[in-house]
Amino acid sequence: MSDSSTATFPSPLLWRSSLRYLVRHPWQFGLAVLGVALGVAVVVSIDLANVSARRAFTLSTEAVTGKATHQVVGGPGGLPDDAFRRLVVEAGIERAAPVVEDYVSIPGRDGQPSRTLHLLGVDPFSEGPFRAYLSGTPGDSVTDRASVDLGPLLTRPGAGVLPAATARELGLRVGDSFTVRAAGTERRVELTGTLEPANENTRRAVADLLVMDIAAAQELLGRVGRLDRIDLIIPEGAEGRRLLARAVAVLPAKAQVLAASGRTRTTEEMTRSFRLNLTALSLLALVCGLFLIYNTITFSVVQRRGLIGTLRALGVTRREVFALVLGEALVVALLGSAVGLGAGVLLGRGLVRLVTQTINDLYFVVSVRELTVPSATLLEGAALGIGATLLAALVPALEATQAPPRAVLSRSALEARLRQALPRASALGAGLLLLGGGLLALPGELLGMSFAGLFAVILGFALLAPVATVGLMRLLRRPLGALLGVLGKMAANGVVASLSRTAVAIAALVIAVSVTVGVGVMIASFRQTVVRWLEMSLQADVFVSAPTRAGGFSGAAIDPEVARRAAALAGVAQVNSIRRVEIPSPSSPVRLVVIGTTATGIRRSFELKDGRPDKAWPAFQDGGAVLVSEPFAHRTGVGRGAAVRLRTERGDRDFPVAGVYYDYASDRGIVLMSRRTYLRWWNDPSLSGFSLYLAPGADVDRVVELLRRTIGAERGLSIQSNRSLKKISLEIFDRTFLITGVLRLLAGFVAFIGVLSSLMALQLERARELGVLRANGMTPGQVWQLLTSQTGLMGLAAGLLSIPVGLTLAAIMIYVVNRRSFGWTIRMEVGPQILLEALALALAAAILAGLYPAFRMSRTSPALALREE
Amino acid sequence: MILVSVTLLAAAFLARSEQPLTPRASLSVATTLRAANEQGYARAIEPRDFRFPADHGPHPEFRTEWWYYTGNLETAEGRRFGFQLTFFRSALAPDMPARESAWATRQAWLAHFTVSDVNGGRFHSFERWSRGAIDLAGARAEPFRVWVKDWTAEAVGSQAPPMHLAASEGDVEIDLVFQPGKPPVLQGDRGLSRKSAEVGNASYYYSLTRMPAAGTVRLGGERFAVTGLAWMDREWSTSSLGRDQAGWDWFALQLSDGSELMLYRLRHQDGAADPASSGTVVAPTGDARHLRLSDFQIAGSGEWRSPRSGARYPAQWRVRIPSEELDLKVQPLLADQELDVSFRYWEGAVEITGTQRGRPIRGRGYVELTGYPTAEHR
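Owing to the predicted nature of the structure, the values given are computational and were not obtained by experimental measurement.

### A closer look at the overall build of chain B
And then number 1: Of regular secondary structure, chain B possesses two helices and 25 strands.
And then number 2: Taking all 378 residues of chain B together, the buried fraction comes to 53%.
And then number 3: Long-range pairs, those at least 24 residues apart, make up 58% of the contacts in chain B between residues at least 6 apart in sequence.

Below you can see the structure in the form of structure tokens.
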């Protein structure tokens, strides 16, 4: 009990009053904490999932790249063995290491899932300076120990080594053999030793590595005579440039020397948009949480306006009142953030699987076995939770300081002030909409700016919600009166009369529902676009493809003879071929799709976005020109009229771009080339797959059966009918959007909690008013009816308002965010179902929120309610 | 002899310590060569017929083999250099099934390259590993060539010698041609060189003890035209050191009267010389006479401690061969000629002064010291 008049911070007495308030309103307090916790949890979990996937990727990249500064790559078919000898013997480049690598899987035993391993074929004699865990490097303070005998590893076919921990997990001992699936066939690997990484980082990095001698790796993968790449360590400066020049001089024309850092950077950039989108969605959840905080604190201030007035009259300063309110918010923030961090880590464990799945489907193979929990993420999450809560509490805290001493600011006065403030809020909202629109309209590819615009638009709509509510209630008063009599009018009037509370609740509900509408419409439109695109691009009846490695693009190669044999089968009318290859380039590898088909076939399967069909297609088929996919044009800025530079087997060549076509297969973009052009520049007649058009009347299933029996045995070819391939494609699409769908649900859940708490608080606060009504003869049933119709009205208002807002958000996500992130043209499609769902969601949330207060009010005796204050 | 084989060195070290020689383990090729399985390889048990040039080429049926070049060089102005270029072959297994990949091999190769810059007071040493596949490393008899990556020794014409040696690393390079000097000297008993009392612990061993050398040495930006004398040792075996042998001191001395002296003293753990220690005197005419341990005395004195390994090596020697009335003082041209490679050992250029039958005699040569305990293994 110290002298409080001069203290900046409230005295213990004030704190006690504060505490008592919190304890007496556990629902309100608990829901506020939950709101913060959920917001923080979603943000933290997404960040953890992103960080973990990235870290796992960086570690495994470092593990296989080692200390290489440069990599020599060779495009389709890799590099010949002799390229390595020329580098080290003729060019005298001492620090060079050949690599043959691929992903192989160990089929699961006893119902366990199969496990993917990164097969790394190396030359142990060259490894010294590169991968410390393989060679041990002089001067390393920590050395990795291993029990590997080079004799068996080099001289026994199929010999390999695994990290000791991985061997244990697989139940393997040195000397055991195990089966791996590689390029569609099963091969035996003999475990001749184990690696014992010395530190945790290396242990994680190599956890999925199967190391073999380069000879055994070539044999196992069926790639004898070819290298995937040659790692180099080249010093910086003049000596390095001299070495690089010597290297280029002895390498074949198709080889390229790329900086190793580019590889990591490229993959980093590949997933940047994806990660940024996830982060933005997670922030949406936090924004929904913010409305909840704002609402809770505002309510607590309004509820105690008498107490605060009294305190002010007793000499409590404005600053102390301000500190008191913010102090309460801080308690909520701290508790909520603490719970949120814990929940975030738990949630992150689940989300990291979804994120990893999507990355594997879309970008590259990464396997995350452990969730990385950097303290930075936790600190950020806590700072965000606490900062956002305090920010949301700022307005009500300032509001509280406005209470004049003793003068009990009546509810009506407050409402009057709010109504006066309504035009100001609406103007601010309109301003924010304009600002958001301006940000979105800004040219350029700045995704961050687009998201800022999106948030401004959301906030703008939130501020416009009260005025829209007032308007809507005026419109509804008459029909409601007709429908429900006096009670209906009362309900509509009540919503407007207590706008200070209802406005925030409705705004929160609008935001939450419109986010679900927006994300839902975006996903549905995207899916519909993809479905249409699949219809168009998958026209053949049967598709045969070589096994591709997970996340890989090119996959194994098929002998063209196999396609010729398939063409000769009964019922097959026409065969189109496809070859997918990755052409290395200094910025990032270019994905080249080579199509062998007739002129009409190609016109049917591809739709041009830019370019005239009568010019583009002839140039493509016979004129040596290429087409680029829409994301490619977007990402690289290379469109019609420009040229794509590719490293062919005869050196660099510029291919003119005849047009841009729609494609949704990859956000990295694709260069489309005719088989004739390809064979002119690359000596690579093999195929990645082919498609068959059947003769009229032929039975698809019978041809598929026939194919499986005749050519199916060839190195694990996949043979799919049109129907099943479309199904698989859509399954992958749905899988990649699973994480987005989950975030949409989480944001909706946060908002639902917010609405529940604010509406409940609102109705509980009306105890006195309802007591009066009860005392004047209103029956419990009528109270029930009044309350549920009022919350139902609010739900209806929110539902109706959220439809235009949701569609606006969807349009922003489709036309701005997605375009800028991935470069896709998506046709926005709005089904009635999603709008009805929105309405139903808003109504259900609101009515549900009204149930408990209605139940309580109808049970309370009017006398008790009146005595409440 | 030239006893330096990685295998032997490793075996010597490992016999003393359970820890690997260098803590560089993992897939490290260095540790591999300690695998001591001798089953399935040919052994050096009795004298054989040497045929040239066939025996300049590889003998893959034996586990290990080396081509050992050392020599002393100087410029017209008297600037002195020593060099060593050595190629080691070591089999990983006695046999291997037929394989598809051209990378498949059972032969591992190692090469050491050193230049002693006597006037500059610096010793440069380098190491290269390679597999014996896709022509990265290998050896052949006709035309003679042995190479590990771009370090090579090869016949200049159809026959060797003359031989051309070339090796470079960074700004250190040698480019030398050796002319034929004396015919090959078969060491030990007609080329069978015993390394311990156990039958089969022996190698086939011949030497070219005096090859006039000329060419260039490059150090940094400077290129020096040099002449001098080179020595080649060729040795192949499957096993050689006995269990209790710790290492050896080996001497290749070229004397001013046109004779050469090769001596090796195998040291036991307790410092005593193994009875299998031996040597050869090569007369100016090329006639060779075998020396047994009782025929010579080597007394080391002084000490040089390696700042890298902590090993303490003798700083000079007195070599006496009573039957030849030879009394020599052998002194390193540089104290620090320890190779900083996977298995550290001392191998360096030496200067010889002394008397023969009372008359002064001079000479140059190379000395190799192995099995001196390093700080961590003592």
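### Examining the overall build of chain A
And then number 1: A tally of regular secondary structure across chain A gives 31 helices and 22 strands.
And then number 2: Counting only residues that meet the buried cut, chain A has 49% of its 869 residues in that class.
And then number 3: Sequence-distant contacts in chain A: of pairs separated by 6 or more residues, those separated by 24 or more amount to 84%.

### Regarding the confidence of the model for chain A
Residue and element names in this part refer to chain A.
And then number 1: Scored by pLDDT, chain A comes out at a mean of 81, with 88% of its residues at no less than 70.
And then number 2: Taken as a whole, residues 1-7 scores under 50 in pLDDT and shows five contacts with residues more than four places along the chain or in a different chain.
And then number 3: Every residue in residues 136-146 scores below 50 in pLDDT, and together they form 37 contacts with partners more than four places removed in sequence or on other chains.

### Description of the packing of helix α17 (residues 447-484) of chain A against helix α18 (residues 486-497) of chain A
Residues and elements named next belong to chain A.
And then number 1: α18 packs onto α17 with a crossing angle of 165 degrees between their chain directions and a minimal axis gap of 7 Å. For the element pair α17 / α18, the angle class is roughly antiparallel. Between α17 and α18 the crossing geometry is right-handed. Between α17 and α18, the contacting residues are T469, V470, M473, L476, R477, L480, G481, L483 and L484 on the first element and L487, G488, K489, A491, A492, N493, V495 and V496 on the second.
And then number 2: Among the residues making up the contact of α17 with α18, the classes are represented as eleven nonpolar, four polar and two charged.

### Things to note about the domain arrangement of chain A
All names here are of chain A.
And then number 1: Splitting chain A by domain gives domain 1 (1-66 + 261-409), domain 2 (76-253) and domain 3 (547-716).
And then number 2: Taken residue by residue, the interface counts ten residues in domain 1 and 15 residues in domain 2.
And then number 3: Tallied by class, the residues present in the side of domain 1 that touches domain 2 amount to four nonpolar, three polar and three charged.

### What about the pairing of strand β20 (residues 671-674) of chain A?
Consecutive side chains of a regular strand alternate in pointing toward one face of the sheet and then the other.
Residue and element names in this part refer to chain A.
And then number 1: Of the two faces of β20, the one lined by V671 and M673 and the one lined by L672 and S674 are each fully buried.
And then number 2: Where strand β15 (residues 590-596) and β20 come together, four bridges link them in parallel fashion. Note that in β20 the partner of L592 across the bridge is V671.
And then number 3: Here two bridges tie strand β17 (residues 626-629) to β20, and the two strands are oriented antiparallel to one another.

### A closer look at the packing of helix α2 (residues 26-65) of chain A against helix α15 (residues 375-401) of chain A
All names here are of chain A.
And then number 1: Between α2 and α15, the least distance of the axes is 9 Å, while the angle of their chain directions is 150 degrees. Our classification of the angle between α2 and α15 gives roughly antiparallel. The crossing of α2 and α15 is right-handed. Where α2 abuts α15, its residues V36, G39, V40, V43, V44, D47, L48 and V51 lie against T377, L378, G381, L384, G385 and T389.
And then number 2: A class-by-class count of the residues in the contact of α2 with α15 yields eight nonpolar, five polar and one charged.

### Comments concerning helix α30 (residues 832-859) of chain A
Given 3.6 residues to a turn, an α-helix orients residues that are three or four positions apart in the same direction.
Residue and element names in this part refer to chain A.
And then number 1: Look at α30: 40 Å from first C-alpha to last across 28 residues, which is about the 40 Å you get at 1.5 Å a residue.
And then number 2: Maximal helix bending in α30 amounts to about 25 degrees, located at L851; proline P853 follows within four positions.
And then number 3: Taken together, the buried positions of α30 are occupied by I834, A838, L841, A842, L843, A845, A846, A849, G850, P853, A854 and M857.

### Things to note about the nonpolar core
All names here are of chain A.
And then number 1: Of all hydrophobic cores here, the largest spans 297 residues; its most connected members are L509 and V510.
And then number 2: By residue number, the principal contributor to this core is α2, which donates 22 residues.
And then number 3: Leave out the neighbours within four places in its chain, and V510 touches F461, A462, A465, A798, L801, S802 and V805.
And then number 4: Grouped together as the second largest cluster of nonpolar side chains are 52 residues, I583, A633, Y661 and L694 included.

### Details of the confidence of the model for chain B
And then number 1: On average, chain B scores 86 in pLDDT, and the residues at 70 or more come to 88%.
And then number 2: Scored below 50 in pLDDT, residues 1-35 of chain B makes 105 contacts in the model with residues more than four places away or belonging to other chains.

### With respect to the environment of R344 of chain B
Residue and element names in this part refer to chain B.
And then number 1: Position of R344 relative to the elements: it lies in the loop between β23 (338-339) and β24 (345-356).
And then number 2: C-alpha of R344 to C-alpha of R218: the two residues are 126 residues apart in sequence and 24 Å apart in space.
And then number 3: Setting aside its immediate chain neighbours within four residues, R344 contacts R308, S309, E338, L339 and T374.

### Points about unusual backbone geometry
Residues and elements named next belong to chain B.
And then number 1: Of the consecutive residues A160 and P161, the connecting peptide bond is found in the cis state with omega at -10 degrees.
And then number 2: For P161, the location among the structural elements is in the loop between β7 (151-155) and β8 (163-169).
And then number 3: Even without a glycine there, the phi angle at R190 is positive, about 50 degrees.
And then number 4: Residue position: R190 is located in the loop between β10 (185-186) and β11 (192-194).
And then number 5: Classification of R190 as partly exposed rests on a count of 14 C-beta atoms within 10 Å.
And then number 6: One non-glycine residue, R357, lies in the positive phi region at around 45 degrees.
And then number 7: In this structure, R357 sits in the loop between β24 and β25 (359-369).

### A few points about the environment of Q337 of chain B
Residues and elements named next belong to chain B.
And then number 1: Residue position: Q337 is located in the loop between β22 (326-332) and β23.
And then number 2: For Q337, a count of 25 C-beta atoms within 10 Å puts it in the buried group.
And then number 3: With 166 residues separating them along the chain, Q337 and D171 place their C-alpha atoms 18 Å apart.
And then number 4: Other than its neighbours up to four places away in sequence, Q337 contacts S116, F123, P332, W346, E347, G348 and A349.

The rules behind the values
- Residues numbered from 1 in each chain as written.
- Chains lettered and ligands numbered in written order.
- Predicted model: local features only at pLDDT ≥ 70, side-chain atom pairs only at ≥ 80, totals over all residues.
- Helix = DSSP H or I, 4+ residues; strand = E, 2+ residues; numbered from the N terminus.
- Buried ≥ 20, exposed ≤ 12 C-beta atoms within 10 Å, placed from the backbone.
- Contact = placed C-beta atoms within 7 Å.
- pLDDT = per-residue confidence, 0-100.
- Axes fitted to C-alpha atoms, helices over the stretch in contact; angles between N-to-C directions.
- Parallel < 35°, antiparallel > 145°, perpendicular 65-115°, else oblique.
- Left-handed = near helix turned anticlockwise from the far one by under 90°.
- Nonpolar A, V, L, I, M, F, W, Y, C, P; charged D, E, K, R; others polar.
- Domains from an automatic or database assignment.
- Pairing = 2+ DSSP bridges.
- Expected span 1.5 Å × (residues − 1).
- Bend = angle between axes of the 7 residues up to and from the residue.
- Core = buried A, V, L, I, M, F, W, Y, C linked by C-beta atoms within 7 Å.

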